[in-house]
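Residue-level listing of the chains:
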Amino acid sequence: SVEEPLDLIRLSLDERVYVKCKGERELRGKLHAFDPHLNLVLGDVEETVTTIELEEETEEEIVTSSKRNMEMLFVRGDAVILISPPIRTG
Amino acid sequence: NTTAEFARIAMLFYSFFKTLVGKEIAVELKNDVSMTGTLHSVDQYLNVKLNGARVVDEERYPQLACIKGCFIRGSAIRYIQISKKEVQTELLQDACRKENSAVRK
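Keep in mind that this is a model prediction, so the values were computed, not measured.

As a further point, take the nonpolar core. Leu27(A), Leu42(A), Phe16(B), Phe17(B), Leu50(B) and Ile80(B) are the most contacted members of the largest nonpolar core, which totals 48 residues. Look past the residues within four positions of Leu27(A) in its chain and what remains in contact with it is Val17(A), Tyr18(A), Val19(A), Cys21(A), Leu42(A), Val45(A), Glu46(A), Glu47(A), Leu73(A), Val75(A) and Tyr79(B).

This is the structure we're talking about:
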């Protein structure tokens, strides 16, 4: 039964999840394990890092994102902000 | 039983890393430095000792180029990359489910 927030994460074991991390980082991968610290093991992961640069002269915001794929990843829980079923983009 | 109590008891990832001793891993730190090496040992805090350590971007961090072994504080780690073949995902998921219910009792 679902009693506390960690139970919601337990429902996502073996499913693909979306993880928002500190430092404008996002991960999408298959959840294989988690603990109360929100340490995670994710499989077939895609990391997206988003950076916003401020163009000096025009004061324009330049948003860039870079992606990286990793086959198996341990994620330390202290950087995790949220975990959710995959967010559909676009 | 509070969540803090559960966090203290949870040993899942300590046990997980013990199964990876002797394997090649890549440790990415929160300051963006990445080191690859063989996992020599791990402790309850997920501090990590690496043998045969090599820094990934040697040109950017020349002061780390001659490091052979290192101790990394667990709290400094962002990610640890592992080879998929070293992980038995069904066993890991089962252990995760079991620990989740065991930690409640």
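On we go.
Let us look at unusual backbone geometry. Notably, Leu38(A) is not glycine yet its phi reads approximately 70°, a positive angle. Considering the arrangement of structural elements, one finds Leu38(A) in the loop between strand S2 (25-34) and strand S3 (40-54). If you check the backbone angles, Asp32(B) has positive phi at about 80° while not being a glycine. Its place among the elements puts Asp32(B) in the loop between strand S1 (24-29) and strand S2 (34-42). On the accessibility criterion, Asp32(B) (39% relative accessible area) is partly exposed.

Turning to the pattern of salt bridges, a few remarks are in order. A full pass over the atoms with the stated rule returns 16 salt bridges over all chains. A salt bridge links Arg25(A) to Glu28(B); the shortest N-O distance between them is 3.8 Å. One end of the pair, Arg25(A), is in strand S2; the other, Glu28(B), is in strand S1, on a second chain. With respect to burial, Arg25(A) and Glu28(B) carry one shared label: buried. When salt bridges that share partners are traced, they join Arg25(A), Glu47(A), Arg68(A), Glu28(B), Asp32(B) and Arg78(B) into one network.

Strand pairing in a sheet relies on backbone hydrogen bonds. The paired strands run either parallel or antiparallel. Read across the open sheet, the 10 strands follow the order S5(A)-S1(A)-S2(A)-S3(A)-S4(A)-S5(B)-S1(B)-S2(B)-S3(B)-S4(B); overall the sheet is antiparallel. Single-partner strands in this sheet number two, and they are strand S5 (80-84) of chain A together with strand S4 (70-72) of chain B. Across the sheet, the axes of successive neighbouring strands diverge by a mean angle of 35°, strand direction being ignored.

Residue and element names in this part refer to chain B. Among the six residues of S1, five are classified as buried, and the element is accordingly described as predominantly covered. Across five bridges, S1 lies against S2 in antiparallel orientation. Bridging from a neighbouring strand, Glu-28 pairs with Ser-34 of S2. Between the antiparallel neighbours S1 and S2 lie four residues, among them Asp-32 with a positive phi of about 80°. Relative to strand S5 (residues 77-81), S1 is paired through four bridges, and the arrangement is antiparallel.

Conventions used here
- Residues numbered from 1 in each chain as written.
- Chains lettered and ligands numbered in written order.
- Predicted model: local features only at pLDDT ≥ 70, side-chain atom pairs only at ≥ 80, totals over all residues.
- Heavy atoms only, no water.
- Core = buried A, V, L, I, M, F, W, Y, C linked by side-chain atoms within 4.5 Å.
- Buried < 20%, exposed > 50% of the residue type's maximum accessible area, 1.4 Å probe, protein only.
- Contact = heavy atoms within 4.5 Å.
- Helix = DSSP H or I, 4+ residues; strand = E, 2+ residues; numbered from the N terminus.
- Salt bridge = Lys/Arg side-chain N within 4 Å of Asp/Glu carboxyl O.
- Pairing = 2+ DSSP bridges.
- Axes fitted to C-alpha atoms, helices over the stretch in contact; angles between N-to-C directions.

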